[in-house]
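# Structural characterization, general
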Amino acid sequence: MTSAQTANLQSPGFRFGVGGMTCASCAGRVEKALLAVPGVSTAEVNLATEQVEVHASGEVTAGTLTDAVTAAGYRPATSSVDLELKGMSCASCVGRIEKALRAVPGVVEATVNLATERARVQVLGEPDPSRLAAAVADAGYAATVTAPSAGAAGEMREGDPRVRFSQPGSQELRHLVLAALLSAPLVLPMLGLPLGLDWMLPGWLQWALATPVQFWLGARFYRAGWAALKARTGNMDLLVALGTSAGYGLSVFNLFAEGAVHGGSHLYFEASAVVITLVLLGKWLEARAKRQTTEAIRALQALRPDTARVLRDGVEQELPLDQVRVGDEVMVRPGERIPVDAEVIEGRSHADESLITGESLPVAKEPGDRVTGGALNAEGRMRLRTLAVGSETALARIIRLVEDAQAKKAPIQRIVDRVSAVFVPVVLVIAVATVLGWGLVGGDWDAAILNAVAVLVIACPCALGLATPTAIMAGTGIAARAGILIRDAEVLEVARSVRVVAFDKTGTLTEGRPTLAVHQAADGDEPALLRLAAGLQSGSEHPLALAVLEAAASADIAVPSAEGVEALAGRGLAGRIEGRELRLGSTRLMQEEGVDLRGFQQRADELAAAGHSVSWLSERVSGGGRLLGLLAFSDAPRAAAAEAIAALHARGIRTVMISGDNAGAANAVGTAIGIDDVRAEVLPGDKADAVGALGGDGPVAMVGDGINDAPALSAADVGIAMGSGSDVAMNAAGITLMRPDPRLVADAIDISRRTTRKIRQNLFWAFVYNAIGIPLAAAGLLSPVVAGAAMALSSVSVVSNTLLLRRWKPRSSGGR
């Protein structure tokens, strides 16, 4: 738990739900765990409602209670609240809002994103949004509650100040243009000074031009700075307001006290006016650049049609999408976007799913195939049966996952947060020291004030606050467009250092559609062997079972019904057909049943060496088991598997295959595609241990289908679910690949490395601007105008550097 999570709570009472309890002993364990927390006086669990009520001292936090419940093996019920924020200007604002939110009773965690101007708050039990908004207001900012999935992180909706600031003709753009027009007559005459030409305007005219810039066009800095002062904090706006006010005030004093008529060296109106203009310019450019970092997710949102053509009572009706229900039949014409996740029941066409899965070529669709909402229907008219609508569609889950990733912080951001917390106070101290140093030692109070103004202006921490979130937004966005869904920023940072990638075999490195290549009966009656094997597997969805059933159908064999079918974990099946006790499975199962395989072992070894997976069918008889025959399956490696392994090797990453298949079949596939290490005959329950054992060489990534490999995916430093997109895959894995292309594994690691590199570059530039600029300004080597330009440039350069990520293309689609 972070130190922020230990913020004191002001209420002694907590009420929240707990999941996973099944009996009174569960309730007792939860109560015991909570009572063990220092400061908790009572804890009462209601098993019927799955609610717990805790009374504690003010030192007990929501985070402490959730940790205690989780450690006891249960799930504390938390909920998320999304807030849209106004008034933030720099990284120090982020820290203050997070601190204010974490101090609200019941808040477990709060994360603020400066780039999207949103906060994600995790609350124990039922949230009180008004209380959260009030805490933000007390900190000097404004907050409104928004639905967590109402829009993508960073989406700019009507009424958002960032929209107005980035649209031509908006109020903020007009203010920028007016500030530039008013400032130009103040600064342009300075160009004549090196030539000995005195073009400076009279003092009263300079004052008339600078005043509206200072107090009308720069009013936003005063408002935000005053709000920060009332909250006893500081931010970028306060620095700008103090700095420009000092320059403006000194000029007014010199104008009226000394009766200055011409600018000379005693009026500095151009400095204050130009600084405000440059800050407005920087903010406008920054907002435009930030909008581009969210381009990918806005493109995903644009895929959702507003209406669907639904068949109701045989009549085609165009209905709003929120009125479509699961089971409705939907008609899609050529050139239209598919509105819902559905199954094709009539018609043939091709669907362009490139923005959803990253697949560059249209995919053929025919009756029985699934289609994804948001895909573009090409040439055919199709009738579909709706399978998922609204938030349950694949597109909605993708957008939600990318939103969540963009809302969370990378571990490296903690350094920035610590620096930002003390940044503004330190800058104010440096500015005061600059004034006193130049004034008392040098005796030049004009220079003292101007140098302090330069310190205040250049020390804007905007770039620090934007360095990490903009890179994460851009990286996760372009990854999503390539079919790579990254769950959170921490996964993004860990994936860059992966040294070992472990793969499941079936369906990951192979096509996952095995065929029955050989079936050989002990008594020579192959049709009878196939009949019994098909009957035993008739209710199974396992790929090998489907291969047997397909072979039986092709041979026109009537499949008998089986009774008492039981799955034997990691070994096979048991059941009865026509009174016969049958076993179908691996060599290990046959050994357990005492079946003599000697007559077929050589043939089985030959088939395994050729890359086939071998299963056995036996019957229980008195005295042990009797072999009925063997079945051999072939599953071809994916066309891109060898290329995927080569791409990982080129990045210095070791590859391992962990398979439950026999050693011969696993080694054949591993050799064909160039895997470094093959570990065969690993039971599903042992895969997690096998992944853990690989950790000695560095962080490990596990690639599987996200369902039967879930324990191994969770055990890895980075779990990668391939070709699923299901909720199970997304929950078990840190990265989900939206199409079954193993080359995307290398692409995921590549975008992780590039994004992390951008974060470090951004932080370097953000720190460099301040590390160099502040000493130069304090030493009198930087004018306020140059300081203002550098400050504006720092934020713009950081975001512009991030936008270079948009040039990345996945190698799986031919990018470099």
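Note that the structure is predicted; figures quoted are calculated from it, not measured. Per chain, residue numbering runs from 1 following the sequence as it is written. Residues qualify for local features only when their pLDDT is at least 70, as the model is predicted, and side-chain atom pairs are given and counted only at 80 or more; totals for whole chains, interfaces and linings, by contrast, use all residues. Side-chain numbers here rest on the full set of heavy atoms in the structure, without hydrogens or water.

## Focus on the overall build of the protein
Filter applied, for reference: Helix and strand definitions here come from DSSP, where helices need a minimum of 4 consecutive H or I residues and strands a minimum of 2 consecutive E residues; each element is numbered from the N-terminal end. Should any heavy atoms of two residues lie within 4.5 Å, those residues are considered in contact. Note on areas: Shrake-Rupley with a 1.4 Å probe; residue coverage comes only from the protein chains shown.
What the protein contains, in helices and strands, is 28 helices and 30 strands. Sequence separation of at least 24 residues holds for 69% of the intrachain contacts in the protein that already meet a minimum separation of 6. In the form shown here, the protein has an accessible surface area of approximately 33800 Å², with 56% of it arising from carbon and sulfur atoms.

## What to know about the side chain of Thr 386
For Thr 386, the position within the fold is in strand β17 (residues 382-388). Excluding residues within four positions of it along the chain, Thr 386 makes contact with Val 324, Arg 325, Val 326, Gly 327, Asp 328, Val 330, Val 340, Asp 341 and Ala 342.

## Digging into the confidence of the model for the protein
How we decide: A residue's pLDDT is simply how confident the predictor is in it, with values from 0 to 100.
Across the protein, the average pLDDT comes to 80, with 87% of residues at or above 70. Note that residues 1-12 has pLDDT below 50 and, in this model, 33 contacts with residues that lie over four places away or in other chains. Within the model, the stretch residues 260-265 combines pLDDT values under 50 with 14 contacts to residues more than four positions away or in other chains.

## A short note on the sheet that holds strand β25 (residues 624-634)
Sheets are built from strands paired through backbone hydrogen bonds, the pairs being either parallel or antiparallel. Note the threshold: Paired strands, in this sense, are two strands between which DSSP finds at least two bridges. Every axis corresponds to a line fitted to the C-alpha atoms, with the helix fit spanning only the stretch in contact, and the corresponding angles, defined between N-to-C directions, vary from 0 to 180 degrees.
Strand order across the open sheet formed by 6 strands is β20-β25-β24-β23-β22-β21, with antiparallel pairing between neighbours. Both outer strands of the open sheet, β20 (515-521) and β21 (563-568), are each paired with one neighbouring strand and no more. Across the sheet, the mean angle separating the axes of adjacent strands is 20° when strand polarity is ignored. Sheet topology note: the β21/strand β22 (residues 572-577) ladder contains 4 bridges and is antiparallel. Residue pairing in the sheet places Glu 563 in a bridge with Arg 576 of β22. In this fold helix α18 (residues 526-536) packs onto β20, β21, β22, β23 (580-585), β24 (613-621) and β25, with an angle of close to 125° to the strand it touches most, β20. Helix α19 (residues 543-554) rests against β20, β24 and β25 of the sheet, and its axis sits at about 90° to β25.

## Re the packing of aromatic side chains
Test applied: Any two rings among Phe, Tyr and Trp, with Trp reduced to its six-membered ring, count as a pair given centres within 6.5 Å; such a pair is stacked if its planes are under 30 degrees apart, edge-to-face if over 60, and tilted if neither. Relative accessibility thresholds used throughout: buried, under 20% of the residue-type maximum; exposed, over 50%; partly exposed, between the two (1.4 Å probe, protein chains only).
By the definition in use, this model includes 4 aromatic pairs. Summarising the aromatic geometry, the rings of Phe 215 and Tyr 248 are spaced 5.1 Å apart at their centres and angled 90° between planes, so their arrangement reads as edge-to-face. In this pair, Phe 215 sits in helix α7 (residues 203-217) while Tyr 248 sits in helix α9 (residues 236-257), placing the two residues 33 residues apart along the sequence. Judged by its relative accessible area of 43%, Phe 215 falls in the partly exposed class. Aromatic side chains Phe 764 and Trp 765 sit 5.3 Å apart centroid to centroid with 70° between the ring planes, which places their arrangement in the edge-to-face category. The rings of Phe 215, Tyr 222, Tyr 248 and Phe 269 are connected pair by pair, giving a single aromatic cluster.

## Regarding the nonpolar core
Heads up, the condition is: Among buried residues, the Ala, Val, Leu, Ile, Met, Phe, Trp, Tyr and Cys ones that are joined through side-chain atoms within 4.5 Å form a nonpolar core.
Counting 93 residues, the largest nonpolar core has Ile 484, Val 501, Phe 503 and Ile 735 as its most contacted members. The leading source of residues in this core is helix α27 (residues 743-778), at 11 residues. For Ile 484, the residues in contact, after removing those within four places along its chain, are Ala 479, Ile 735, Thr 736, Leu 737, Leu 744, Asp 747, Ala 748 and Trp 808. One finds Val 81, Leu 83, Val 121 and Leu 466 within the second-largest nonpolar core, a separate group that totals 30 residues.

## Some remarks on a nonpolar patch on the surface
The cut-off we apply is this: Exposure above 30% relative accessible area and the absence of a salt bridge qualify a residue for a patch, where like charges join within 9 Å and nonpolar side chains (Val, Leu, Ile, Met, Phe, Trp, Tyr) within 5 Å. Any Lys or Arg side-chain nitrogen located within 4 Å of an Asp or Glu carboxyl oxygen qualifies as a salt bridge.
Together, Val 432, Leu 436, Leu 440, Val 441 and Trp 445 make up an exposed nonpolar region whose accessible area comes to about 540 Å². Within the element layout of this structure, Val 441 appears in helix α14 (residues 413-442). A relative accessible area of 74% means that Val 441 is categorised as exposed.

## Considering the side chain of Ser 659
Take Ser 659: it is sitting in the loop between β26 (654-658) and α23 (663-673). The class of Ser 659 is buried, set by a relative accessible area of 2%.

## Looking at the UniProt feature "transmembrane region" (unreviewed entry) in the protein
The condition is simple: UniProt positions are given in the numbering used here, feature names are shortened, and annotations may be inferred rather than shown by experiment.
Those residues carrying the UniProt feature "transmembrane region" (unreviewed entry) are residues 176-197, 203-222, 234-255, 267-285, 419-441, 447-467, 763-782 and 788-806 in this numbering. Across residues 788-806, helical content stands at 84% and strand content at 0%; the span's end C-alpha atoms are separated by 29 Å.

## Focus on the sheet that holds strand β11 (residues 329-332)
Reading across from one edge, β10-β9-β11-β17-β12-β15 is the order of the 6 strands in this open sheet, with antiparallel pairing throughout. A single partner strand is all that each edge strand has here, and the edge strands are β10 (315-320) and β15 (370-371). As paired strands, strand β12 (residues 341-346) and β17 are joined by 5 bridges and run antiparallel to one another. Paired with Asp 341 across the bridge in β17 is Ala 388.

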